[in-house]
Amino acid sequence: MKELNRRDFIKTTTATSAGVVTIASGITLTTYAARPKESDPVTNEKRWGMLIDTNKLTESNIDDMVNACQEEHGWGNETHSTGDQKAGWIKKVKVKDKATERISNLALMCQHCEEPPCVDVCPTNASMKREDGIVLVDRHLCIGCRYCMMACPYDARSFVHETLTDQKTHMPRGKGTVEACTMCVHKVDKGEAPACVASVNSDAVVFGDLYDPTSKINQTLKKVQSTQIRADLNLNTGVRYSGI
Amino acid sequence: MSIIRYEQTQGKSLGFYAFIAGLGAFILAALAGVYYMEHNGHHVTGMSNRIVWGLPHVFALFLIVAASGALNVASIASVFQKKIYKPLSRLSGLVALALLAGGLMVLVLDLGRPDRLIVAMTEYNFNSIFAWNIILYNGFFAIVGVYLWMMFERRMNKYSRTVGIAAFTWRLILTTGTGSIFGFLVARQAYDAVMMAPMFVIMSFAFGLAFFILILMASYKWTERQLGDAIVNRLSNLLGVFVAAVLYFVAVYHVGNLYLAENSGVENFFLVDGGIYTQLFWYGQIILGSLVPLALLYSPATRGNRTMLGLASVLIIIGGLVQLYVIIIGGQAYPMELFPGKEILEGYGGIAAYTPTLAELMLGLGGIAVSLIAVTYLIKFLPFLPESLADDVADPHHKG
């Protein structure tokens, strides 16, 4: 083996370092370039939606959904906020028909409207709707004016009332900004179902592309009677319910 | 009618510095409150996810509404050519700008992220009534600023009517915009009414004029200048008309709502069994803020009495704050109708609780202090006030 002199040493290490850089930047490039391969680019050819069948959904199912959401996104551990100040991305709602006294239980979260009032009123475009129908808050643009919370007909949004620690890396949250159900966009983009949907073992909650005629949600919606909460507002929600 | 001479106030007396110091203390308290709320987060306030806009918004919107109303005195002079109001035009413009500045300060400092104000100035969603309002507020500063310049600069005087018309139009749009913040919230039963916009315009007339009268009378009294009855009595009559007009709009709003079955619940809440909100509505807004001032302004026993006019103006301001409290807080406290025809047993509903905190109150009062300190200082440095508004100076038809 050839003895390594000073000049060769410098040459070799330089080449190696350059290689690392190349590999590193290659990795970076691959990471960005690979995303569209994992899931299709966000287009308006898809519309993500959810169908919740309250006849099949049990109360413990709803508790599981709430817990799964909390675990996935890390909300609900606020220590200083009290009562209505606590975050609530999804909640259990029990309703009784005034005439028949029939009781239904359902999970209520952001309904991912096609015409979202929160997006209309947001002064800074922080509230936005993706092409595929998922309604999100850009926490870098949110100034914390809470106008979206005034406008939302579903009480679906929460304002962060305190400093937070130990946040999930995929779901940064911030004091003074507004947040809500993201339909687990980080999972959906990887081809997975939202956490709450995955937590229910029966077909009480179906998730999928509303536009795709081969999807289960599309086919089920064609068969069963379903409704939108406050359908009279013409917001065309992405979350639908049957049995209420 | 003699020539109107404008003169700065001296601003050297002990009283002047005591007044400034008092206002300064309120502003410091407001800043301390803001630091406390922003450092800890809004959990230290009475606000929540149900009552998202609290007491600071009540003060902020009150001041913004009053700001556009304070400009009316100048508009009556330049747009409607009523000469007797002309000497008051400069002060009218100043009070308008000062009230707007105070209101905006409160609004911005109550944001979750006031440090991101630059985002609000650079990212516009033109569908948002809030975004329009940001443009309308900035435009108001610019137009009224130019308007004041036209009035101050003698060779520009000839343009003051044109700019005055522009300013008058702008302020009508501005208050319409402020009212529309609420008018188009379809989900909230207390708000979803186009009526909100014109009602806010009329409210602005009354609140703005009440502020203007108080500032006018105080500044003339404290600087020992003459202020004749000719002007004061006219302003007093005008104030009464505006207060009556607000009452009319409030009546139409509630009676109109009662007619629709879907709104009977929310109307019942405001008018009959809404606890604190019902009490505030009847005792605060209607009796103390409207009927008592009307009696003070028009009853033969108190009519023409400056102290009573001052008292009426203070009551109108308090009544106005109460009115906005009932609209803003009460309107949020009443739950949205999520499931028409169904009763919600769990998960949402009920009247949301709200107890304002001291920090919120101090922020709101700080906004008023900012407005007053701006007026007090600027009339010292620029000739806003005529040196005399005695009847023979101010009133062209005065028989002396």
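Structural notes, computed from the coordinates. Being a predicted model, the structure only gives us computed values, none of them experimental.

**Examining the pairing of strand E2 (residues 90–97) of chain A**
No. 1: Most of E2(A) sits out of view: 8 of its 8 residues are buried.
No. 2: Across 7 bridges, the pairing between E2(A) and strand E3 (residues 103–109) of chain A is antiparallel. From the neighbouring strand, Lys94(A) faces E3(A), where its bridge partner is Asn105(A).
No. 3: In textbook terms, the turn of a hairpin is the stretch between consecutive antiparallel strands, and for E2(A) and E3(A) this stretch comprises 5 residues, one of which, Glu101(A), has a positive phi near 65°.
No. 4: Bridge count for E2(A) against strand E3 (residues 342–346) of chain B is 4 bridges, and the pairing is antiparallel. Along E3(B), the bridge assignment pairs Val95(A) with Ile344(B).

**A word on the nonpolar core**
No. 1: Counting 204 residues, the largest nonpolar core has Met109(A), Tyr147(A), Phe182(B), Leu216(B) and Leu235(B) as its most contacted members.
No. 2: Here this core takes 18 residues from helix H8 (residues 196–222) of chain B, the largest share from any one element.
No. 3: Beyond its immediate chain neighbours, meaning those up to four positions away, Phe182(B) contacts Met150(A), Trp53(B), Leu61(B), Tyr191(B), Asp192(B), Met196(B), Phe200(B) and Ile328(B).
No. 4: Counting 5 residues, the second largest nonpolar core, distinct from the first, contains Leu51(A), Val206(A), Leu210(A) and Leu221(A).

**So, the interface of chain B and chain A**
Quite often, the size of an interface is put as the accessible area lost when its parts meet.
No. 1: Listed by partner, the interface residues are 52 residues for chain B and 53 residues for chain A.
No. 2: Counting the surface lost from both chain B and chain A, the interface buries some 4500 Å², and carbon and sulfur atoms represent 57% of this.
No. 3: The largest contributions to the chain B side of the interface with chain A come from His43(B), Asn49(B) and Lys342(B), which together make up 15% of the buried area.
No. 4: Applying the counting criterion to the chain B and chain A interface returns 3 salt bridges.
No. 5: For Asp110(B), the salt bridge is made with Arg146(A), and the minimal N-O distance between the two is 2.9 Å.
No. 6: Put simply, chain B and chain A have 33 residue pairs in polar contact (both at pLDDT 80 or more) between them.
No. 7: Breaking the side of chain B that touches chain A down by element, the ones donating at least two residues are helix H1 (14–40), helix H5 (117–122), helix H6 (129–152), helix H7 (160–183) and E3 of chain B.
No. 8: Considering each element in turn, the side of chain B that touches chain A owes the most residues, 5 residues, to E3(B).

**Thoughts on the sheet that holds strand E1 (residues 48–53) of chain A**
Residues and elements named next belong to chain A.
No. 1: One open sheet accounts for 3 strands, arranged E8-E1-E9; its pairing is mixed. Looking along the sheet, the strands with just one partner apiece sit at the ends: strand E8 (205–209) and strand E9 (239–242). Going from strand to strand, the sheet's axes swing by 20° on average, the running direction of each strand aside.
No. 2: Pairing between E1 and E9: 4 bridges, direction parallel. Note on E9: the bridge partner recorded for Ile 52 is Tyr 241.

**Structural notes on the pairing of E8(A)**
Residue and element names in this part refer to chain A.
No. 1: Burial of E8 is extensive: 5 of the 5 residues sit out of reach of the surface.
No. 2: Relative to E8, E1 is paired through 5 bridges, and the arrangement is antiparallel. Counted as the bridge partner of Gly 49 is Gly 208 from E8.

**Some thoughts on the packing of helix H2 (residues 55–70) of chain B against helix H12 (residues 306–333) of chain B**
Residue and element names in this part refer to chain B.
No. 1: At a minimum axis distance of 9 Å, the contact between H2 and H12 shows a crossing angle of 125°. If you check the angle between H2 and H12, you find them oblique. Between H2 and H12 the crossing geometry is right-handed. Taking contact as the criterion, the partners of Leu 55, His 57, Val 58, Phe 59, Leu 61 and Phe 62 in H2 are, on H12, Ile 317, Gly 320, Leu 321, Leu 324, Tyr 325, Ile 328 and Ile 329.
No. 2: When the residues that make up the contact of H2 with H12 are grouped by side-chain class, the tally is 11 nonpolar, 2 polar and no charged.

**Topic: the side chain of Ser89(B)**
All names here are of chain B.
No. 1: One can find Ser 89 in helix H4 (residues 89–109).
No. 2: With relative accessibility at 3%, the residue Ser 89 sits in the buried group.
No. 3: Each residue touching Ser 89, except ones within four places of it in the same chain, is listed here: Ala 74, Ala 77 and Met 151.

**Re the packing of aromatic side chains**
No. 1: Following the criterion strictly, the structure yields 25 aromatic pairs over all chains and no others.
No. 2: For the pair Phe16(B) and Tyr377(B), a centre-to-centre distance of 6.1 Å together with 75° between the ring planes defines the contact as edge-to-face. Within this pair, whereas Phe16(B) is found in helix H1, its partner Tyr377(B) is found in helix H13 (residues 358–381), the two being separated by 361 residues in sequence.
No. 3: The buried category is assigned to Phe16(B), whose relative accessible area is 10%.
No. 4: By relative accessible area, Tyr377(B) is classed as partly exposed at 34%.
No. 5: A connected cluster of aromatic rings, assembled from ring pairs, spans Tyr147(A), Trp53(B), Phe130(B), Phe182(B), Tyr191(B) and Phe200(B).
No. 6: Here Arg146(A) stacks its cationic end above the ring of Phe159(A), 5.0 Å away from the centre of that ring.

**A few points about the environment of Met151(B)**
Residue and element names in this part refer to chain B.
No. 1: Structurally, the position occupied by Met 151 is in helix H6.
No. 2: Each C-alpha atom of the pair Met 151 and Thr 307 lies 31 Å from the other, and the pair is 156 residues apart in sequence.
No. 3: Once residues lying within four places of it in the same chain are set aside, the contact partners of Met 151 are Ser 89, Arg 90, Asn 157 and Ser 160.

**What about H12(B)?**
All names here are of chain B.
No. 1: Spanning 28 residues, H12 covers 39 Å between terminal C-alpha atoms, matching the ideal 40 Å at 1.5 Å per step.
No. 2: Of all 28 residues that make up H12, 22 are buried, and the element is covered over most of its length.
No. 3: Capping the start of H12, Asn 305 holds a side-chain oxygen 2.8 Å from the backbone nitrogen of Thr 307, two or three residues further along.

Parameters and conventions
- Residues numbered from 1 in each chain as written.
- Chains lettered and ligands numbered in written order.
- Predicted model: local features only at pLDDT ≥ 70, side-chain atom pairs only at ≥ 80, totals over all residues.
- Heavy atoms only, no water.
- Buried < 20%, exposed > 50% of the residue type's maximum accessible area, 1.4 Å probe, protein only.
- Helix = DSSP H or I, 4+ residues; strand = E, 2+ residues; numbered from the N terminus.
- Pairing = 2+ DSSP bridges.
- Core = buried A, V, L, I, M, F, W, Y, C linked by side-chain atoms within 4.5 Å.
- Contact = heavy atoms within 4.5 Å.
- Buried area = accessible area lost by both parts, 1.4 Å probe.
- Salt bridge = Lys/Arg side-chain N within 4 Å of Asp/Glu carboxyl O.
- Polar contact = N/O pair within 3.5 Å; in protein donor to acceptor, adjacent residues only side chain to side chain.
- Axes fitted to C-alpha atoms, helices over the stretch in contact; angles between N-to-C directions.
- Parallel < 35°, antiparallel > 145°, perpendicular 65-115°, else oblique.
- Left-handed = near helix turned anticlockwise from the far one by under 90°.
- Nonpolar A, V, L, I, M, F, W, Y, C, P; charged D, E, K, R; others polar.
- Phe/Tyr/Trp six-rings, centres within 6.5 Å; stacked < 30°, edge-to-face > 60°.
- Lys NZ or Arg CZ within 6 Å of the ring centre and 35° of its normal.
- Expected span 1.5 Å × (residues − 1).

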